[in-house]
Amino acid sequence: MWDPRITVVSIIACLLCSSAAVAVEMPELAKKNNCVNCHAIKERLVGPAWLDISKRYMGDPSAEEKLLARVSKGSSGFFGLIHMPANDPDGYKQAEMRELVKFILGLSSSKNTSGSPVE
Ligand code: HEC
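So, how was this worked out
- Residues numbered from 1 in each chain as written.
- Predicted model: local features only at pLDDT ≥ 70, side-chain atom pairs only at ≥ 80, totals over all residues.
- Helix = DSSP H or I, 4+ residues; strand = E, 2+ residues; numbered from the N terminus.
- Buried ≥ 20, exposed ≤ 12 C-beta atoms within 10 Å, placed from the backbone.
- Contact = placed C-beta atoms within 7 Å.
- Near = placed C-beta within 6 Å.
- Nonpolar A, V, L, I, M, F, W, Y, C, P; charged D, E, K, R; others polar.
- Axes fitted to C-alpha atoms, helices over the stretch in contact; angles between N-to-C directions.
- Parallel < 35°, antiparallel > 145°, perpendicular 65-115°, else oblique.
- Left-handed = near helix turned anticlockwise from the far one by under 90°.
- pLDDT = per-residue confidence, 0-100.
- Core = buried A, V, L, I, M, F, W, Y, C linked by C-beta atoms within 7 Å.
- Expected span 1.5 Å × (residues − 1).
- Arc of directions from axis to C-beta.

Peer 1: Please explain the overall build of the chain as it appears in this structure.
Peer 2: Along the backbone of the chain there are five helices and zero strands. Listing the helices and strands of the chain from first to last along the sequence gives α-α-α-α-α. A buried classification covers 17% of the 119 residues belonging to the chain. Sequence separation of at least 24 residues holds for 49% of the intrachain contacts in the chain that already meet a minimum separation of 6.

In structure tokens, the structure reads:
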């Protein structure tokens, strides 16, 4: 017999279990702005893993402004030989870029979306 209450309970249980276990995922903004073409949270793709970027700039109070500028205008020579093209050359998407930089910098601290440091 199908009992709708059981379905509801299992959906809720599943939501709870997934939010506890799922690793940090790329935010929607990163998909929308194509960051995911070159970046992942933990693995190096074309660009460095965002977690590695976060660790590198840990404790640097000017990191947010620096990275905002580099993400917007392009970056090279900090992690290797590959160049990151400008993602916001005209400055129309600074709010989105800043949000992404904050997300990246938060990965190695307790401020990330999973609530605990990513290892
Ligand atoms: C075409 C591939 C590509 C795309 C698209 C891309 N990146 Fe990158 N990204 C790179 C590469 C390559 C580097 C390493 C550059 C270097 O060595 O300075 C990098 C470096 C970075 C860094 C570290 C910069 C530094 O100076 O230390 C940040 C932060 C970053 N990317 C964020 C983003 C965000 C946010 C987006 C989307 C808005 C994005 N990237 C899109 C390839 C890409």
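Peer 1: Is there a simple way to think about the site of the ligand in this case?
Peer 2: The environment of the ligand is formed by 26 residues, the closest being Cys35, Cys38, Gly47, Phe78 and Met84. Mapped onto the shell around the ligand, the elements with two or more residues apiece are helix H4 (63-73) and helix H5 (94-106). Residues that form the shell around the ligand fall into these classes: 15 nonpolar, ten polar and one charged.

Peer 1: Please clarify how the packing of H4 against H5 should be interpreted in this entry.
Peer 2: Between two packed helices, the angle of one axis relative to the other and the distance separating the axes together describe the packing. It is the contact of H4 with H5, at a shortest axis distance of 9 Å, that shows an interaxial angle of 125°. One finds that H4 runs oblique with respect to H5. Like other packed secondary-structure pairs, H4 and H5 cross with a definite hand, here right-handed. On H5, the residues touching Ala63, Glu64, Leu67, Leu68, Val71 and Ser72 of H4 are Gln94, Met97, Arg98, Leu100, Val101, Lys102 and Leu105.

Peer 1: Can you help me understand the confidence of the model for the chain in this one?
Peer 2: If pLDDT is low for a region, its predicted coordinates should not be looked at in detail. The pLDDT averaged across the chain works out to 84; a share of 73% of its residues lies at or above 70. A low-confidence stretch, residues 14-21 stays under pLDDT 50, and its non-local contacts, those more than four residues away or across chains, total zero contacts.

Peer 1: Any chance you could explain the environment of Leu100 here in plain terms?
Peer 2: Looking at the element boundaries, Leu100 is found in helix H5. When the 25 C-beta atoms within 10 Å are taken as the criterion, Leu100 is described as buried. With residues up to four places along the chain from it excluded, the contact list for Leu100 reads Leu29, Ala30, Cys35 and Val71.

Peer 1: For this particular structure, what's the right way to read the environment of Glu28?
Peer 2: For Glu28, the location among the structural elements is in helix H2 (residues 28-32). Distance in space between the C-alpha atoms of Glu28 and Leu100 is 9.8 Å, their sequence separation being 72 residues.

Peer 1: Explanation requested: the nonpolar core in the structure shown.
Peer 2: Note that soluble globular proteins tend to have their nonpolar side chains buried in a common cluster. One finds Trp50, Val71, Leu100, Val101, Ile104 and Leu107 to be the most contacted residues of the largest nonpolar core, which totals 15 residues. At the level of secondary structure, the elements contributing two or more residues to this core comprise helix H3 (50-56), H4 and H5. When residues no more than four places from it in sequence are discounted, the contact partners of Ile104 are Trp50, Ile53 and Ser54.

Peer 1: Which parts of the structure should I look at to understand H5?
Peer 2: Spacing of three or four residues puts side chains on the same side of an α-helix, whose turn is 3.6 residues. Over its 13 residues, H5 extends 18 Å from the first C-alpha to the last, a length consistent with the 18 Å expected when each residue adds 1.5 Å. Residues of H5 that are buried in the fold lie against H2, H3 and H4.

Peer 1: Help me out: how do you make sense of H4 in this one?
Peer 2: Listed in full, the buried residues belonging to H4 are Leu67, Val71 and Ser72. What you see down the axis of H4 is that its buried residues fit within an arc of 130°, all on one side. The secondary structure elements touched by the buried residues of H4 are H5. One or two positions beyond H4, positive phi appears at Gly74, with a value near 110°.

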